[in-house]
Amino acid sequence: MYIRSCFQSSCLQWVWRTAFLKHTQRRHQVAHRWTHLGGSTYRAVIFDMGGVLIPSLGRVAAEWEVQNHIPSGTVLKALMEGGENGPWMRFMRAEVTAENFLREFERLCSEMVNDPETAVKELEALLGFTLSIGVPNTRPVRKTMEIPKDSLEKYLKNLLGIQTTGPLELLQFGHGQSNPTYYIRLANRDLVLRKKPPGTLLPSAHAIEREFRIMKALANAGVPVPNVLDLCEDSSVVGTPFYVMEYCPGLIYKDPSLPGLEPSQRRAIYTAMNTVLCKIHSVDPWAVGLEDYGKQGDYIPRQVQTWVKQYRASETSTISAMERLIEWLPLHFPRQQRTTVVHGDFRLDNLLFHSEKPEVLAVLDWELSTLGDPLADVAYSCLAHYLPSSFPVLRGFNDCDLTQLGIPTAEEYFRMYCLQMGLPFTENWNFYMAFSFFRVAAILQGVYKRSLTGQASSANAEQTGKLTEFVSNLAWDFAVKEGFRVFKEMPIKNPLTRSFHTWAGTQSQWIPTGTRSYSSIPEASPVHTSKGGLVISPEGLSSPVRELYHRLKHFMEQHVYPAETELQSHQASAARWTPSPLIEDLKEKAKAEGLWNLFLPLEADPEKKYGAGLTNMEYAHLCELMGTSLYAPEICNCSAPDTGNMELLVRYGTEAQKARWLIPLLEGKARSCFAMTEPQVASSDATNIEASIREEDSFYVINGHKWWITGILDPRCQLCVFMGKTDPHAPRHQQQSVLLVPMDTPGIKIIRPLTVYGLEDAPGGHGEVQFEHVRVPKENMVLGPGQGFVIAQGRLGPGRIHHCMRLIGFSERALALMKARVKSRVAFGKPLVEQGTMLADIAQSRVEIEQARLLVLRAAHLMDLAGNKAAALDIAMIKMVAPSMASRVIDRAIQAFGAAGLSSDYPLAQFFTWARALRFADGPDEVHRATVAKLELKHSA
């Protein structure tokens, strides 16, 4: 196969003038590519004119078709097939490889010839010039990047010992954001020149001297690098220092999703990429003379300091995410770091591959190389996993199905690396991703600053001004993930002194249009997950979570709402204390739809081992939707108290405890209860609890009187999470412990079921229970004696978000029912909807729901960013606001329904009952008001 690429400007004008149009001076932005289908029985000439077909070239193609007995119009048809999405246009946009384009083109062509080489020669004769092999990824030298050819030619002839005089061909490589790189052809020698950009540069940036040194050193160490020839530090030759290396032909994959390849080929490419990275990190710096190539140790701290300086030197405006990262990164440096040779910019498009097999021929662009932490290279090579395909500078594939593509996930890629290097899987992977995106943001900011003065090497440099903020928000996303693991151990420095506008993230150019929002604020980008921004509408969630939300909504409409009448009838029947078969059937449907165990927060389950891996904010939107039905949470295995107990086991349980209790709960094969509240004391203060846990031989013996134990009457209830005192003489918050008590343990006596406003809430119910000499094995202790208060607080954090979002779901459903009711009813001669009091009630309800939702979402957002402890004030506020708001909104709806609102014909009565109960179920209003006031006074002080 032969391919010639004639690019814009001077090269194209030469083709135009020499071949056909000597009489015209008109300039065209045209590209054309001649393709010789080697090894094939087809032959064709294809022209890409940037959307313009040149008549003269069209005539040449027509003549060629006639001479070679090709049906007239074959070339044009192949060119235009499929329009913008056709194989040729996709090929010209580098979305498919040449090999795959040719296969598609062969399918389009219908006539066969026997001698493709002869066809090419005939075509050359018609055109008047040779169809020689071109240089991929090059273009005419940009005006601001021109270099003096005469002095360069003199230098090269002296370097290479060339005596002949021939024209020096000079092109510029189109990709790259840093050091300008040129293709040179002189006397049958193909070379590459890489130089510093012109103008005043940032300190230590663009060190082409280091690139030259490391490639020369690694050439004999088994690392594939180009053959470097000479370093010239004399700026008089081309204006800045530069080095020269031999041109190495091969493939550079600009699109990391590798379009046009088979899944097995894509995996092989990424495996080869991983392998060559391991080769780099396995080089002994001392053996190749690089022991002084960088400082030993403290690589990450030094890098952060360097990139902070670089960013500050090129800063053009304040970016809140960068400010947070600059403050956050030094607080989370990895404690142990290996030191190896690191590339510093290791990604797919810096690798040159063999054209016929998945083999890396050369690793390019060593500008940022040094001695440092190799995990930074691994993380950097995974940037594309988290960027969208529409990202204009570093194209990614986070909106693609990696399983279908055959590309390893970031975690798989990292595990592949660890396996080849013989290393354990690191826990602070998210830190390295945060650091990598922080570096990218700093680099993009530098490119943007240089573009303002015309120094940047890339024609797309000016675009990067819009991208720095976007990438810094991605970096902050990973900082949040890493913060889940360590942030709670850090002192919180006045978390409320910063305006929440700066915590809410920023919007980007990828904001969807035409979507419903709950306010006038634009929704967040679908490629920007809610962990870094305050997402106030489901349409602002990331694509996977948004799709999950809509799937849940469809499931509710198709299965849950239609079943409510039958489920309510079961709760009132004689069989109410046995689980409804319909509930169990709907559970299986929810599992099949992937709507199962959505509640576990990402911070508690970062590897998505047990749940859906949603953040508190993401789940809040889904939880609100489930809250529109009394039955949906259980159907999706997202109902209390099981959710809190499962999270407790995930956070604090031993492997044996998880195997016995967590797995059956996650599978929906068992249910559980939580025993804390006691009738003899004010249990809103958990330190008042009097139930005793006494150590005896290899057991703990429980004695106590509990009530309002939700779910204990359910025949499926197999586990009671019991809170009692192990040491009444310990400090106040270290007296309590938590035990896992099997429900079939002797001594558990249910005294009676309790009702809420007359509702039994079957089959789970709310029991009053006596525990008399209940013996529990010591291995059933959670976390250890005296840790009960810590466990209870950790359990209640996300649970409070769940209750509050379900209450907003109650309220939304109530308001929807109210609006439908007042439109259909007439009183005093006109529809209720025309009554002024009804209009006022609807308006007031809408306002109150929106206020509560925003407060709850902000609490969830802060929990994601800084942990439950830092969000204590916001959690207390939503516990004050949400139940009272729901009670008012539901009460207005009941008023609009009249007596019907009190009946079981509608869910309003039950909504109202549970809204009222929740004003003290997670602590009474008075306690939360006191908490808010104390924190507010402390903040004021």
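Values in this document were obtained by computation on a predicted structure and should not be read as measured data. (Residues numbered from 1 in each chain as written. Predicted model: local features only at pLDDT ≥ 70, side-chain atom pairs only at ≥ 80, totals over all residues. Heavy atoms only, no water.)

To continue, consider the overall build of the protein chain. In terms of helices and strands, the protein chain carries 27 helices and 21 strands. Classification of the 941 residues of the protein chain by burial places 56% in the buried group. For the protein chain, contacts bridging at least 24 residues in sequence account for 72% of all contacts bridging at least 6. (Helix = DSSP H or I, 4+ residues; strand = E, 2+ residues; numbered from the N terminus. Buried < 20%, exposed > 50% of the residue type's maximum accessible area, 1.4 Å probe, protein only. Contact = heavy atoms within 4.5 Å.)

Turning our attention to the sheet that holds strand S5 (residues 181-186). Strand order in this open sheet of six strands is S3-S4-S5-S6-S8-S7, and the pairing throughout is antiparallel. Of all the strands in the sheet, just strand S3 (138-139) and strand S7 (228-232) have a single pairing partner and so form its edges. As paired elements, S3 and strand S4 (residues 169-173) share two bridges and run antiparallel to each other. Each bridged residue has a counterpart across the sheet, and for Arg-139 the counterpart in S4 is Gln-172. Strands in contact with helix H7 (residues 149-160) are S4, S5, strand S6 (189-195), S7 and strand S8 (242-246); relative to S5, the strand with the most contacts, it is inclined by about 65°. Packed on one face of the sheet, helix H8 (residues 208-218) meets S6, S7 and S8 and runs near 150° to S7. (Pairing = 2+ DSSP bridges. Axes fitted to C-alpha atoms, helices over the stretch in contact; angles between N-to-C directions.)

Bringing the packing of aromatic side chains into the picture now. Tallied over the full model, the rule gives 17 aromatic pairs. Between the aromatic rings of Tyr-386 and Phe-478, the centroid separation amounts to 4.7 Å while the plane-to-plane angle is 85°, which identifies the pairing as edge-to-face. Of the two residues, Tyr-386 is situated in the loop between helix H12 (374-380) and helix H13 (402-405) and Phe-478 in helix H16 (residues 467-486); the sequence distance between them amounts to 92 residues. With 4.6 Å between their ring centres and 55° between their planes, Phe-897 and Tyr-906 make a pair best called tilted. What makes Phe-897 buried here is its relative accessible area of 6%. On the basis of relative accessible area, Tyr-906 is assigned to the partly exposed category, the value being 27%. (Phe/Tyr/Trp six-rings, centres within 6.5 Å; stacked < 30°, edge-to-face > 60°.)

The terminal C-alpha atoms of helix H15 (residues 429-451), which comprises 23 residues, lie 33 Å apart, in line with the 33 Å expected from a rise of 1.5 Å per residue. The element H15 is largely enclosed, with a buried count of 20 among its 23 residues. (Expected span 1.5 Å × (residues − 1).)

Across all of its chains, the model carries 48 salt bridges by this definition. Ionic pairing is found between Lys-357 and Glu-359, a salt bridge with its closest N-O pair at 3.3 Å. Connected through shared salt-bridge partners, Glu-584, Lys-587, Glu-634, Asp-642, Arg-671, Asp-714 and Arg-716 make up one network. (Salt bridge = Lys/Arg side-chain N within 4 Å of Asp/Glu carboxyl O.)

Before going further, it helps to examine unusual backbone geometry. Residues Ala-640 and Pro-641 are joined by a peptide bond in cis, for which omega reads 0°. Take Pro-641: it is sitting in the loop between helix H20 (632-635) and helix H21 (642-652). With an omega dihedral of 5°, the bond running from Ala-762 to Pro-763 counts as a cis peptide bond. As for its position among the elements, Pro-763 is in the loop between strand S18 (748-753) and strand S19 (766-777). For Tyr-757, which is not a glycine, the phi torsion comes out positive at approximately 55°.

A separate point is the pairing of S6. A regular strand places its side chains on the two faces of the sheet in alternate fashion. Burial within S6 is extensive, with five of its seven residues counted as buried. Pairing analysis gives six bridges linking S5 to S6, with the strands arranged antiparallel. The residue bridging Thr-181 from the neighbouring strand is Arg-194, located in S6.

Taking 1.5 Å as the rise per residue, helix H9 (residues 263-282) with 20 residues should run 28 Å; its terminal C-alpha atoms sit 29 Å apart, in good agreement. Every buried residue of H9 is listed here: Arg-266, Ile-269, Tyr-270, Ala-272, Met-273, Asn-274, Val-276, Leu-277, Cys-278, Ile-280 and His-281. Buried residues along H9 sit against strand S9 (340-342), strand S10 (351-353), strand S11 (360-363), H12, H13 and helix H14 (410-421).

Once that is clear, we can look at the pairing of S8. Buried residues dominate S8, accounting for four of its five residues. Summarising the sheet, S6 and S8 pair through five bridges and their orientation is antiparallel. Across the sheet, residue Lys-195 finds its bridge partner in S8, namely Phe-242. Relative to S8, S7 is paired through four bridges, and the arrangement is antiparallel. Paired with Cys-232 across the strands is Phe-242, a residue of S8.

Our next topic: the packing of helix H11 (residues 320-328) against H15. Two numbers describe how H11 lies on H15: the axes approach to 11 Å, and their chain directions differ by 130°. Considering their axes alone, H11 and H15 lie oblique with respect to each other. Of the two possible hands of crossing, H11 and H15 adopt the one that is left-handed. For the pair H11 and H15, the contacting residues are Met-322, Leu-325, Ile-326 and Trp-328 in the first and Phe-431, Ala-434, Phe-438, Ala-441 and Ala-442 in the second. Grouping the amino acids of the contact of H11 with H15 by side-chain chemistry returns nine nonpolar, no polar and no charged. (Parallel < 35°, antiparallel > 145°, perpendicular 65-115°, else oblique. Left-handed = near helix turned anticlockwise from the far one by under 90°. Nonpolar A, V, L, I, M, F, W, Y, C, P; charged D, E, K, R; others polar.)

Attention shifts here to the confidence of the model for the protein chain. Averaged over all residues, the pLDDT of the protein chain equals 80, while 77% of them reach at least 70. Every residue in residues 1-57 scores below 50 in pLDDT, and together they form 143 contacts with partners more than four places removed in sequence or on other chains. Considering only residues more than four positions removed or in separate chains, one finds that residues 487-531, a stretch of pLDDT under 50, has 112 contacts. (pLDDT = per-residue confidence, 0-100.)

Relative to the assigned elements, Leu-402 resides in helix H13. In this structure Leu-402 comes out as buried when scored by relative accessible area, which is 16%. Through-space distance from the C-alpha of Leu-402 to that of His-385 is 9.1 Å; in sequence the pair is 17 residues apart.

For the rest of this paragraph, the subject is the packing of helix H10 (residues 299-314) against H11. Their axes nearest at 11 Å, the elements H10 and H11 cross at an angle of 150°. Viewed along their axes, H10 and H11 adopt a mutual orientation that is roughly antiparallel. Note that H10 runs across H11; the crossing there is left-handed. Between H10, through Val-308, Tyr-311 and Arg-312, and H11, the contact on the second element is made entirely by Met-322, Glu-323 and Ile-326. Taken together, the residues of the contact of H10 with H11 sort by class into four nonpolar, no polar and two charged.

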